[in-house]
Amino acid sequence: MSESMMVSAASEDEQMAFGASLARAMVGLPLLVFLQGDLGTGKTTLVRGFLRGKGYEGAVRSPTYTLVEAYEFVRPAIYHLDLYRLSDPEELEFLGGREIFDGSHQVLVEWPQRGEGWLPSPDLELRLDHDGSGRRIGLLAHSPAGDQVIDALRRELCLAR
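Our subject in this report is the structure included herewith. (Residues numbered from 1 in each chain as written. Predicted model: local features only at pLDDT ≥ 70, side-chain atom pairs only at ≥ 80, totals over all residues. Heavy atoms only, no water.)

1. As for the packing of helix α1 (residues 12-25) against helix α2 (residues 43-53)
Contact geometry of α1 with α2 gives a least axis separation of 6 Å together with a crossing angle of 50°. Here α2 runs oblique to α1, going by the angle between their axes. Handedness of the α1/α2 crossing: right-handed. Judged by residue contacts, Glu12, Gln15, Met16, Phe18, Gly19, Ala20, Leu22 and Ala23 of α1 engage Lys43, Thr45, Leu46, Arg48, Gly49, Phe50, Arg52 and Gly53 from α2. Residues that form the contact of α1 with α2 fall into these classes: 7 nonpolar, 5 polar and 4 charged. (Axes fitted to C-alpha atoms, helices over the stretch in contact; angles between N-to-C directions. Helix = DSSP H or I, 4+ residues; strand = E, 2+ residues; numbered from the N terminus. Parallel < 35°, antiparallel > 145°, perpendicular 65-115°, else oblique. Left-handed = near helix turned anticlockwise from the far one by under 90°. Contact = heavy atoms within 4.5 Å. Nonpolar A, V, L, I, M, F, W, Y, C, P; charged D, E, K, R; others polar.)

2. A short note on the sheet that holds strand β4 (residues 78-82)
Strand pairing within a sheet occurs via backbone hydrogen bonds; the two strands may be parallel or antiparallel. Pairing within the open sheet is mixed, and its 7 strands lie in the order β1-β7-β6-β2-β5-β4-β3. The two strands at the open ends of the sheet, each matched to only one other strand, are β1 (4-9) and β3 (68-71). In this sheet, neighbouring strand axes are inclined to one another by 15° on average, regardless of whether the strands run parallel or antiparallel. Across 4 bridges, strand β2 (residues 32-37) lies against strand β5 (residues 106-110) in parallel orientation. (Pairing = 2+ DSSP bridges.)

3. Section: the pattern of salt bridges
Tallied over the entire structure, the rule returns 6 salt bridges. The residue Glu93 makes a salt bridge to Arg98 at a minimum N-O spacing of 3.1 Å. Taking relative accessible area as the criterion, Arg98 reaches 60% and is therefore assigned exposed. With a closest N to O distance of 3.3 Å, Arg127 and Asp129 form a salt bridge. With relative accessibility at 36%, the residue Arg127 sits in the partly exposed group. Since its relative accessible area comes to 22%, Asp129 is described here as partly exposed. (Salt bridge = Lys/Arg side-chain N within 4 Å of Asp/Glu carboxyl O. Buried < 20%, exposed > 50% of the residue type's maximum accessible area, 1.4 Å probe, protein only.)

So this is what it looks like as structure tokens:
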């Protein structure tokens, strides 16, 4: 059975705190995470919180123009992709996609629908939506590892099933 959950973040700080919780829940697990949501829902903000949760203190840039940012300060390495400007899913091959998606890294992908047909199935999907001035974040697991992450998040955030 695929696990799912919903959380709310009333502010950017809460969204970053949730990203840090996600990082702790994914400790040591190589996973593929899809980040879905309209422009301005805070996908990169969540990734910034995720990286802070892993101990990264440097600048976290949106890979809107570079398409991929690698963070190799931890193992497994973390890759953050933003496919918004991808014109063809086959371009992922030239960006090092075979290595990035070989199942040995933590990979967070914004706008994954732009890579449809080339990207492997995610372990975890996050859907970010506007909720007044805050955000609503829905999580859906697509693998046993994704189920593990949601279970760990529930424990950390003290949420019931």
